[in-house]
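# A look at the structure
Below, each chain spelled out in residue letters.
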Amino acid sequence: MTVSGAWRRAAQGAMLLGDDGEVRPTIFAEMSGLAVRHGAINLGQGFPDEDGPTEVLEAAQRAIRDGHNQYAPAMGVPVLREAIADHRERFWGLSADPDREVLVTAGATEALTATLLALLEPGDEVVTFEPFYDLYAAVVALAGATLRPVPLLAPEFEPDLDRLRDSFTDRTRIVLVNNPHNPTGAMLSKEALQLIAELAERHDAVIVADEVYEHLGFESKHTPIATIAGAAERTVSISSAAKTFNVTGWKIGWLVASPALVEAIVAVKQWLTYVNGTPFQHGVAVGLGLPDEFFSGVASSLAHKRNVLSAGLREAGFSVSPSAGGYFVVADATPLGYSDAATLCRELPERAGVAAIPLSAFVTPENRAPYESLVRFAFCKRIDVLESAAARLASMG
């Protein structure tokens, strides 16, 4: 199908528009299709295969029975906005006014989309780290702005701080920070976060912090960038229930920002979903109040899953990068004789019974060379599934 107008810009930004003007299927759709065709374990897409905590699920069911089934208030149900503010204070020591500084959204996706569309003008520039979640490029292009990616290079995926400095210009409007990072599993150092805050202040840029994996730091805990001196007032902090509570289908996200920023974002968000998921919002409010042990347990469980999959990848012959947080681990296929990970990923479902995603899918075309041999695997699955995938991968070695 040939597209036009804003959607052409979005498709082109997401690297899905061919030279013939046709929209290509995403790499996720292609690899998921191959997984189904060959009965492969799908480690390509980052969604869990286990339900979240019973307390959260039952709270949503109870909200349905209690009649919370109509439109929520535009900012989100009060009990959830209060829970978000309390949770932020409890874990990060950051205060927020639940009535003026907290906005509930249709997942982090809508929070990001509404924020970027609200704050960007044509000609603005957005600094972000590459590889990046594919939504970023699509929405930046939709807004008529320009993406200025800063590479994170294997195996550690740490940013070159001089390169980061050089990426800021007098047109920089937003610095978009995903931490912990999808797709690499990296976590930014305190030094990098401080530099981002300094550069944003110097260039009067807004920091948009995609922190959906905030509770999924493994060997060290996540540091929200809003805790860095000078950053809070210019930061839009975005998170979601999806990753912490295994409820990706609920699409309940939120953002926290100064009243002026929230007001601008609401002006766009009201023309997107307006509101969503009233009973699910009640369920998430209960989840945010769970004991500390729940949140630390989620991270330790995922760290174990990371270790199981990483061991299988190494036994298969991959070189595996460390994953410090989130859902994903990156492996280099060069030792297996593959310089093109996309080719390997198209063969893996039939050859090994496992599906994955080439890391080059998250990189702008002109910058793909350092990433061509790298593959992203998701470990947010049941342990028996990961053990089976690891055994299948190890059989390749």
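Rules used throughout
Residues numbered from 1 in each chain as written. Predicted model: local features only at pLDDT ≥ 70, side-chain atom pairs only at ≥ 80, totals over all residues. Heavy atoms only, no water. UniProt positions renumbered as here; feature names shortened; annotations may be inferred. Helix = DSSP H or I, 4+ residues; strand = E, 2+ residues; numbered from the N terminus. Pairing = 2+ DSSP bridges. Contact = heavy atoms within 4.5 Å. Axes fitted to C-alpha atoms, helices over the stretch in contact; angles between N-to-C directions. Parallel < 35°, antiparallel > 145°, perpendicular 65-115°, else oblique. Nonpolar A, V, L, I, M, F, W, Y, C, P; charged D, E, K, R; others polar. Buried < 20%, exposed > 50% of the residue type's maximum accessible area, 1.4 Å probe, protein only. Polar contact = N/O pair within 3.5 Å; in protein donor to acceptor, adjacent residues only side chain to side chain. Core = buried A, V, L, I, M, F, W, Y, C linked by side-chain atoms within 4.5 Å. Phe/Tyr/Trp six-rings, centres within 6.5 Å; stacked < 30°, edge-to-face > 60°. Lys NZ or Arg CZ within 6 Å of the ring centre and 35° of its normal.

### Notes on the UniProt feature "domain: Aminotransferase class I/classII large" (unreviewed entry) in the chain
In the numbering adopted here, UniProt assigns the feature "domain: Aminotransferase class I/classII large" (unreviewed entry) to residues 41-381. Summarising residues 41-381: 38% helix, 18% strand, and an end-to-end C-alpha distance of 10 Å.

### As for the sheet that holds strand S14 (residues 374-378)
Ordered in space as S10-S11-S14-S13, the 4 strands form an open sheet in which the pairing is antiparallel. The strands lining the two open edges of the sheet, one partner per strand, are strand S10 (319-320) and strand S13 (357-358). With 2 bridges connecting them, S10 and strand S11 (residues 328-332) associate as antiparallel partners. In the strand pairing of S11, Val320 is matched with Ala331. Lying over the sheet, helix H13 (residues 341-351) contacts S13 and S14, oriented at roughly 40° with respect to S14.

### Remarks on the packing of helix H5 (residues 107-119) against helix H10 (residues 259-269)
Running from amino to carboxyl end, H5 crosses H10 at an angle of 105°, the nearest separation of the two axes being 8 Å. By the angle class used here, H5 and H10 are roughly perpendicular. Here Glu110, Ala114, Thr115, Leu117, Ala118 and Leu119 of H5 lie close against H10, whose contacting residues are Leu261, Ala264, Ile265, Val268 and Lys269. For the contact of H5 with H10, the residue count by class is 8 nonpolar, 1 polar and 2 charged.

### Here's the deal with the side chain of His181
Tracing the backbone shows His181 in the loop between strand S6 (172-178) and helix H8 (190-202). Overall, His181 belongs to the buried group, its relative accessible area being 5%. In terms of polar contacts, His181 uses its side chain to reach the backbone carbonyl oxygen of Pro131, at 2.9 Å. A polar contact of 2.8 Å, which involves the side chain of His181, links it to the side chain of Thr184.

### Side note on the sheet that holds strand S3 (residues 125-130)
Ordered by their spatial adjacency, 8 strands build an open sheet running S2-S9-S8-S7-S6-S3-S4-S5, and the pairing between neighbours is mixed. Each edge of the sheet is formed by a strand with only one pairing partner; in this case those strands are strand S2 (102-105) and strand S5 (158-159).

### Quick word on the nonpolar core
Among the nonpolar cores identified, the biggest contains 105 residues, and Leu164, Phe377 and Leu393 are the most heavily contacted of them. Here Phe377 is in contact with Leu43, Leu309, Leu313, Phe318, Tyr327, Phe328, Val329, Ala331, Leu348, Val354, Ala356 and Leu393, once residues within four sequence places are set aside. Residues Leu80, Trp250, Ile252 and Val284 belong to the second largest nonpolar core, which totals 24 residues.

### Quick word on the packing of aromatic side chains
Tallying each qualifying case throughout the model produces 12 aromatic pairs. With a centroid separation of 5.7 Å and an interplanar angle of 10°, the aromatic rings of Phe245 and Phe294 are classed as stacked. Here Phe245 is found in helix H9 (residues 242-245), whereas its partner Phe294 is found in helix H12 (residues 292-316), with 49 residues between them in sequence. Taking 6.2 Å as the distance between ring centres and 70° as the angle between the ring planes, the aromatic pair formed by Tyr327 and Phe328 counts as edge-to-face. Its relative accessible area of 2% is what places Tyr327 among the buried residues. Ring pairing ties together the aromatic residues Phe91, Trp92, Phe245, Phe294 and Phe295, which thus form one cluster. For the cation-ring pair, Arg376 lies above Phe328, with the distance from its terminal atom to the ring centre recorded as 3.7 Å. We note Lys381 situated over the ring of Phe47; from NZ or CZ to the ring centre the distance is 3.8 Å.

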